Every structure is written in structure tokens, then in C-alpha cells.
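This is what each chain is made of:
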Amino acid sequence: MNLIFLGPPGSGKGTQAERISKLLGIAHLSTGDMLRESVARKTSLGQKAQEYMETGELVPDDLILGMIEEKLCSGGWEHGFILDGFPRTIRQAEALKKMIAKNEKEIDKAILLSVSDAEVMRRLSGRFYCPTCKIGYNYPMRLPRQKEHCDFDNTKLVRRPDDEITVVRNRLEVYKRETAPLIDFYRKELILSEIETDDGPDKVTEQLLKEIGKAKKSDSYKDRCPN
Ligand code: AP5
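Residues numbered from 1 in each chain as written. Predicted model: local features only at pLDDT ≥ 70, side-chain atom pairs only at ≥ 80, totals over all residues. Heavy atoms only, no water.

1. Points about the side chain of Asp162
Consideration 1: Mapped onto the elements, Asp162 comes out in the loop between strand S6 (136–138) and helix H7 (165–179).
Consideration 2: A polar contact is formed between the side chain of Asp162 and the side chain of Arg160, at a distance of 3.0 Å.
Consideration 3: Among all residues touching Asp162, those that are not within four sequence positions of it are Met53, Val167, Val168 and Arg171. (Helix = DSSP H or I, 4+ residues; strand = E, 2+ residues; numbered from the N terminus. Polar contact = N/O pair within 3.5 Å; in protein donor to acceptor, adjacent residues only side chain to side chain. Contact = heavy atoms within 4.5 Å.)

And the structure:
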């Protein structure tokens, strides 16, 4: 099962990809996490990507495609994958199609997680995480027991620099301009489904499992191309 989770910042791609990848035993590939790790390790990719990430712009396609190709070549996704935050442009989507076709694979489903701009603002202004164990918190939905400190190791919680309100506004603009065209791209490929994320993470996980179950039951290629 090879899945793409598509959606605006804060739509829950990371939360759901982590849950579903564990439940299905497939790889979770998040370009945002890979880039943040490169920035933290001060690699050459990280140094090039940092400025784009801090302002909410997309990292250039060539850098992203090099990174994802290397990841796919290193294996670990033979049972399937969830792509979280990739592709984000039409060029990335076309390149992905070629990359996985080389391995005689295909994308089974692209699932759009929808959310309003106001809810994105609410979720991202309340998001904190522990820099030591990386556990996430969200005010007021998931509060730490002791104010601003991690429940597991008592480290002071921090925010992602790109969750600052002006950067979130730009991330939303960039999503609408560069990434939203992928909705039509995958609709034309007949693999798009959409899930509203208003009802909280557990309900969204339930709906995702139903949607993925439908894709599993069908022989996707024959369903899409009956002749
Ligand atoms: P990335 O890390 O991918 O950020 P993003 O897409 O903006 O997504 P987020 O991680 O903010 O949100 P999410 O949808 O994963 O939601 P989450 O589950 O965390 O990318 C960061 C940057 O890297 C980009 O801006 C760009 O610069 C660069 N980049 C990455 N990939 C790239 C690419 N392919 N090309 C070019 N550049 C790239 O949830 C958010 C919060 O909401 C959490 O606190 C969570 O607890 C809460 N929440 C989740 N679901 C719900 C729900 N249903 N109800 C209530 N609260 C919820």
C-alpha cells in the first residue's frame, strides 16, 4: 500500500501518518522531518533548506527530489509507504511517478486532509513539542501535566519556528498556490479521496482506515483501467 497524505499545514498529515504507518506496518516518509533533521545536523542540504523553511517557502524541487530519491533508493519501504508532505508541486508529483514506476510500483491512493484556515491557525498556534523526546503537545487539546514541560523527561517545551503566525500565513498561501493544484492532478489519476479533519484525530484515523480498506480490496490498476 503506497499512500500520499496531502493537505495544508496543520491538517494532521504527520499525526495520521505516524498512526497509520504503525497500524499497517508500512514506512512513514516525511520530507519536513527529514529536512528538520538535516537543519539540526547542519548538513549542506540543511544549510540550503533552512532559510526557505523559516519563511514558510518551499525548498527548491531539485533539493527535495535528490533527498527523496536517496531515501527511496536506501530501501525500507518494500511493504509500502505513506508520503507526508511530499509531493508538494506538480514537478515533484511527476518525478515521484517516474521514480516508483522504475521499481514497478504505483501510488494506490492520495488522501486529502481538509481543514479551514482558521482551524490551521488555532492548531499551529497551540502546537508545542519536547526537543528531547519529540513528543507533541497541543493547547488546549493535549496539555502537559506540568505547565510548558514534557511529561516524560521534564524538558521545557518549544515551538517550531515556522509556527509563528506570519510564517503560518505564508505557508497557507504557498500551499494554495503550489500544492493545491495536486488535488486536480490526483483526481485525474482517479486515486484522490478527501477526509474532513474537524472531528478530532481519532475520528480521522477511523475514516482513513476505512478509505484505505476500500483501496486494499480493489485491484487498483484494473479498477482504474478496466479495458
Ligand atoms: P512540513 O513539516 O511538512 O510542514 P506542513 O506540511 O506545513 O505540515 P505540519 O507539520 O505543520 O502539519 P501536519 O499537516 O503534519 O499536521 P500535524 O499532524 O503536525 O514542512 C515544513 C517545511 O519544510 C515546509 O514549509 C517547506 O519549507 C519544507 N518542505 C517540506 N516538504 C517539502 C517539499 N516536498 N517540497 C518543498 N519544501 C518542503 O498537526 C498539527 C497540529 O494539530 C498538532 O499539534 C496536532 O496535535 C493537531 N491536530 C492534528 N489533527 C487534528 C485534528 N483532527 N483535530 C484537532 N487537532 C489536530
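2. Some thoughts on the packing of aromatic side chains
Consideration 1: Enumeration according to the criterion identifies 3 aromatic pairs in this entry.
Consideration 2: Their ring planes at 55 degrees and their centres at 5.3 Å tell us that Trp77 and Phe81 sit as a pair that is tilted. The pair formed by Trp77 and Phe81 is uniform in burial state, with each residue classed as buried.
Consideration 3: For the ring pair Phe185 and Tyr186, a centre distance of 4.9 Å and an interplane angle of 80 degrees mean the geometry is edge-to-face. Each member of the pair Phe185 and Tyr186 is classed as buried.
Consideration 4: The ring of Tyr137 has Arg142 sitting right over it, with the charged end atom 4.9 Å from the ring centre. (Phe/Tyr/Trp six-rings, centres within 6.5 Å; stacked < 30°, edge-to-face > 60°. Buried < 20%, exposed > 50% of the residue type's maximum accessible area, 1.4 Å probe, protein only. Lys NZ or Arg CZ within 6 Å of the ring centre and 35° of its normal.)

3. Focus: a negative patch on the surface
Consideration 1: On the surface, Glu194, Glu196, Asp198 and Asp199 cluster together into a patch of negative charge.
Consideration 2: Turning to its location among the elements, Glu194 is positioned in strand S7 (residues 192–196).
Consideration 3: Exposure remark for Glu194: the relative accessible area of 45% places this residue in the partly exposed category. (Patch = residues over 30% accessible without salt bridge, like charges linked within 9 Å, V, L, I, M, F, W, Y side chains within 5 Å. Areas by Shrake-Rupley, 256 points an atom, 1.4 Å probe, with all protein chains shown as cover. Salt bridge = Lys/Arg side-chain N within 4 Å of Asp/Glu carboxyl O. Lys, Arg positive; Asp, Glu negative; His and termini not counted. Charge placed at Lys NZ, Arg CZ, Asp CG, Glu CD.)

4. Structural notes on the packing of helix H4 (residues 61–73) against helix H5 (residues 90–102)
Consideration 1: Here H4 crosses H5 at 20 degrees, and the two axes come no closer than 11 Å. Compared by their axis directions, H4 and H5 come out roughly parallel. H4 and H5 meet at a crossing whose hand is right-handed. Together, Asp61, Asp62, Ile64, Leu65, Ile68, Glu69 and Leu72 of H4 and Arg91, Gln92, Ala95, Met99, Ile100 and Lys102 of H5 make up the contact between the two elements.
Consideration 2: Looking at the contact of H4 with H5 residue by residue, the classes come out as 7 nonpolar, 1 polar and 5 charged. (Axes fitted to C-alpha atoms, helices over the stretch in contact; angles between N-to-C directions. Parallel < 35°, antiparallel > 145°, perpendicular 65-115°, else oblique. Left-handed = near helix turned anticlockwise from the far one by under 90°. Nonpolar A, V, L, I, M, F, W, Y, C, P; charged D, E, K, R; others polar.)

Note that all results are geometric; they support no functional claim without further evidence.
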